[in-house]
2 protein chains.
Amino acid sequence: MKAEIIAVGTELLLGQVVNTNATFLSEELADLGIEVYYHTVVGDNPGRLEQLLAEAEKRSDLIVLCGGLGPTDDDLTKDTVAAHIHRSLIQDEQALARLHEFFTFSKNKMTENNLKQTLMIEGGIAVQNPTGLAVGTLITADETTYLLLPGPPNELKPMFLQNARPLLEELFPQAEQLMSRVLRFYGIGESQLVTELKELIDTQTNPTIAPYAKPNEVTLRLTAKISDAAKGQALLDSLEAQVMTKVGEYFYGYGDDNSLVKVTVEALKAHGKTISAAESLTAGLFQSTLGDIAGVSEVFKGGFITYSAETKEQFLGIDHKLLEKEGVVSEACAIAMAEQARKLADADFAVSFTGVAGPDELEGQPAGTVWIGIAEKGQPAFATLQHFNRDRRYIRQSAVMKGLDLIRRAVTKKK
Amino acid sequence: MKAEIIAVGTELLLGQVVNTNATFLSEELADLGIEVYYHTVVGDNPGRLEQLLAEAEKRSDLIVLCGGLGPTDDDLTKDTVAAHIHRSLIQDEQALARLHEFFTFSKNKMTENNLKQTLMIEGGIAVQNPTGLAVGTLITADETTYLLLPGPPNELKPMFLQNARPLLEELFPQAEQLMSRVLRFYGIGESQLVTELKELIDTQTNPTIAPYAKPNEVTLRLTAKISDAAKGQALLDSLEAQVMTKVGEYFYGYGDDNSLVKVTVEALKAHGKTISAAESLTAGLFQSTLGDIAGVSEVFKGGFITYSAETKEQFLGIDHKLLEKEGVVSEACAIAMAEQARKLADADFAVSFTGVAGPDELEGQPAGTVWIGIAEKGQPAFATLQHFNRDRRYIRQSAVMKGLDLIRRAVTKKK
């Protein structure tokens, strides 16, 4: 079952609009067990679309088209597909009734070109548009199925989910379903992860293992293709266990909709611990990242941004002599910052960041040199020296991620 | 001059990643006068990529490929293109030196597979990667030019802008050049901006006016297609003057590589003024945004994150009775926060944020209710009530942008 997605619209080729429809449809089709082999974008040009359809019908069982169902002259998808499979366009009565209803309710004048939106391809199934006026069509001709959807994502998504997806499920019932599980890792690069798992990745066919590098983390997607759900889970469990023996120390959580900050805040909540921070080069990025999480106020009350040496003294009461002797980019300064922030906020934990964001060096140390301090009530504070690469933004973000991981490990006692 | 963009990566076909690279590259190529006729996405499959290359070279003068330059076995773009044009892969010494430098500095172990990233196609021009390790190639063979770029947008964009774009400009000079000027606006929505400028937009052909909405701001790109540079500048000057009479009050700066925070920090520097902040719902996002700007230490020494009522008392010394009587989401609290932050940091200006990030309401006020306070040395402090829409992240970001604009206007005395 091979599918491809064709988006029609010159605005996409001019870079004015991002093709999020292809992303949405790909995820949905994968979920239906339909494999997508190509995405193509073509402009509002009937000749090039026809050429593409001729190519696509040779290689795909299902062609999903989005865009070009609207009322204006450059909306040509329906006409082109109909001509390609030698059908006519006919009036869809339900869409027509909806159109009249819409204009009666809004009291706007209905221009003639709107009628075009209510046409569908003869012999197909009309796919109604819950949030717009353009009707879609699902039609099979010469062993290829065409699904025509509108371009605006706020119309395409509800139309697909409510009306097109059930039709596809009926038309292409899956013997096997795709079950996937996402594992998230911090502290290991993609190249090293793949090296550690090389044998597994090379020999694995079902489930498959797909690594994906994101800024400062790597995810692994394990995907089983299986008819029996329980067996699928067992396969994923077994593969996960093998992965964990190799790289388990870097694993921090499951799922696409997860992050190191979520897991860290959850750990603090679960252990009933609070956190504060004193930030120099990160300038609030750590605490702002905590602030992304709804309900973080349960564990986070506030903290300090001490960008200069003076504010490290004024806000945190760090000894002038310490700063003079050790410098601000130092283990002693990071420890003092974390300890003072923890005490002043009366928190269980505190983290501190002091270092060189760049591009220039500071105290003779190069950009990317960062000390991160961790204070914990009843424990001696410590600091760790990190060397981060790339630009200012990436260095600061890398520091925040490392700080989150240090806190997560301190809270859960995983050293 | 016909071009097409091929993105290589199974993660795109699975709907895990949005193809923003195609959007970025399309905009850039349009700016170079190069027309893009197709976007295609294909998986990490050498057979299908080869088939696509065979098709693409028949119809395009320039093929831009992104993705598949990484260290793992499924990164196959370089090999496939090299085989397609009968060339070998060779070591790029500059990329190799950078790779060694990277691993030496970060003290991470360099795995063997990283070397793959430093290979380029023989006979081409190496395109260096300023923010990553994979080197690109620009090569012309059989009248088709191939440009190979990495997949991660944070590598692709700087590589294109700094290294690939100049090469393309040289290779494909335009008889008529496109001259463009970007105007940036804060405080007006796209639909209102377009309504205000409707007549200008509808009647204008050269220069053209293209509005583009970004989170919390709108840009207008004025583009003249002209052979005479001086005449082009004059045309842009005249159009800009017309735009400014309509919406000049919202204008804050020029250029693609600009932002409200840059302009605000520049204004502070130009006036020799310093700034501090006390943040509640934004939790450091304002100060962290300042921290994005290199050299901000000249005007920013530090500030406070007072997420809870207690830390507003403890860190800022705000009167307990004020908080009890007025609440934390109040004009009085915002003013007190700004005043105290300014005094404690001994700064010329301070901004404060207190309100409801959501999703839940606070003190009976709905998510999006935000008081922003502004304190200025020798002036009475004031606060302004804002109502922001959408989700938690957007509300916090909207608050930061409004805070920057208030400070920019206060520093430059544009009320």
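- Chain A carries the name Putative competence-damage inducible protein in an unreviewed UniProt entry, which gives Candidatus Enterococcus ikei as its organism.
- The Sequence similarities (unreviewed entry) comment attached to chain A in UniProt states, word for word, "Belongs to the CinA family."

### Some words on the packing of helix α12 (residues 309-316) of chain B against helix α14 (residues 331-345) of chain B
Residue and element names in this part refer to chain B.
Item 1. Packing of α12 against α14 brings their axes to within 10 Å, and their N-to-C directions diverge by 35°. The handedness of the crossing between α12 and α14 comes out as left-handed. Packed against α12, whose contacting residues are Lys312, Phe315 and Leu316, the element α14 presents Cys333, Met337, Gln340, Ala341 and Leu344 at the interface.
Item 2. Residue composition of the contact of α12 with α14, grouped by class: 6 nonpolar, 1 polar and 1 charged.

### As for the nonpolar core
Item 1. Within the largest apolar cluster, 76 residues are counted, with the highest numbers of intra-cluster contacts made by Phe286(A), Leu290(A), Phe286(B) and Leu290(B).
Item 2. Excluding its chain neighbours within four sequence positions, the residues that come into contact with Leu290(A) are Val261(A), Val265(A), Ile275(A), Val296(A), Phe300(A) and Leu404(A).
Item 3. Formed by 53 residues, the second largest nonpolar core is a distinct cluster that contains Val41(A), Val64(A), Cys66(A) and Leu149(B).

### A closer look at the pattern of salt bridges
Opposite charge on two side chains lets them pair, provided their charged atoms get close.
Item 1. Applying the stated criterion across every chain, the model contains 39 salt bridges over all chains.
Item 2. For Arg181(A), the salt bridge identified is with Asp237(A), shortest N-O distance 2.8 Å. Pair noted here: Arg181(A) is in strand β9 (residues 177-185) and Asp237(A) is in helix α9 (residues 229-247), with a separation of 56 residues, a long-range link.
Item 3. Look at Asp237(A) and you get partly exposed, because its relative accessible area is 42%.
Item 4. Here Asp256(B) ties to Arg221(B) by a salt bridge, and the two come within 2.9 Å at their closest N and O atoms. One end of the pair, Asp256(B), is in the loop between β12 (251-254) and α10 (260-271); the other, Arg221(B), is in strand β11 (residues 217-226), with 35 residues separating them in the sequence.
Item 5. Given the relative accessible area of 46%, Asp256(B) is considered partly exposed.
Item 6. Salt bridges here are not isolated pairs; linked through shared partners, they connect Glu28(A), Asp31(A), Arg165(A) and Glu169(A).

### So, the interface of chain B and chain A
Item 1. Taken together, the 70 residues of chain B in the interface contact 72 residues of chain A.
Item 2. Both faces considered, chain B and chain A share a buried interface measuring about 5700 Å² in area, 57% of it formed by carbon and sulfur atoms.
Item 3. For the pair chain B and chain A, the number of links is 6 salt bridges.
Item 4. For Arg393(A), the salt bridge is made with Asp292(B), and the minimal N-O distance between the two is 3.7 Å.
Item 5. Here chain B and chain A share 30 residue pairs in polar contact (both at pLDDT 80 or more) between them.
Item 6. Considering each element in turn, the side of chain B that touches chain A owes the most residues, 7 residues, to strand β2 (residues 35-42) of chain B.
Item 7. Grouping the amino acids of the side of chain B that touches chain A by side-chain chemistry returns 28 nonpolar, 30 polar and 12 charged.
Item 8. In the sheet, strand β2 (residues 35-42) of chain A pairs with β2(B) via 5 bridges, with the strands oriented antiparallel. Opposite Val42(A), over in β2(B), you have Tyr38(B) as the bridge partner.

### A short note on the sheet that holds strand β6 (residues 125-127) of chain B
Item 1. The strand order across the open sheet formed by 12 strands is β6(A)-β7(A)-β8(A)-β3(A)-β1(A)-β2(A)-β2(B)-β1(B)-β3(B)-β8(B)-β7(B)-β6(B), and the pairing between neighbours is mixed. The outermost strands of the open sheet, each flanked by one partner alone, are β6 (125-127) of chain A together with β6 of chain B. With direction set aside, neighbouring strand axes in the sheet form an average angle of 15°.
Item 2. The strands touched by helix α3 (residues 46-59) of chain A are β1 (2-8), β2, β3 (62-66) and β8 (144-149) of chain A together with β2 of chain B; relative to β1(A), the strand with the most contacts, the crossing angle is about 170°.
Item 3. Where helix α4 (residues 77-84) of chain B meets the sheet, it contacts β1 (2-8), β3 (62-66) and β8 (144-149) of chain B, and its direction lies at approximately 165° from that of β8(B).

Parameters at a glance
Residues numbered from 1 in each chain as written. Chains lettered and ligands numbered in written order. Predicted model: local features only at pLDDT ≥ 70, side-chain atom pairs only at ≥ 80, totals over all residues. Heavy atoms only, no water. UniProt positions renumbered as here; feature names shortened; annotations may be inferred. Axes fitted to C-alpha atoms, helices over the stretch in contact; angles between N-to-C directions. Helix = DSSP H or I, 4+ residues; strand = E, 2+ residues; numbered from the N terminus. Left-handed = near helix turned anticlockwise from the far one by under 90°. Contact = heavy atoms within 4.5 Å. Nonpolar A, V, L, I, M, F, W, Y, C, P; charged D, E, K, R; others polar. Core = buried A, V, L, I, M, F, W, Y, C linked by side-chain atoms within 4.5 Å. Buried < 20%, exposed > 50% of the residue type's maximum accessible area, 1.4 Å probe, protein only. Salt bridge = Lys/Arg side-chain N within 4 Å of Asp/Glu carboxyl O. Buried area = accessible area lost by both parts, 1.4 Å probe. Polar contact = N/O pair within 3.5 Å; in protein donor to acceptor, adjacent residues only side chain to side chain. Pairing = 2+ DSSP bridges.

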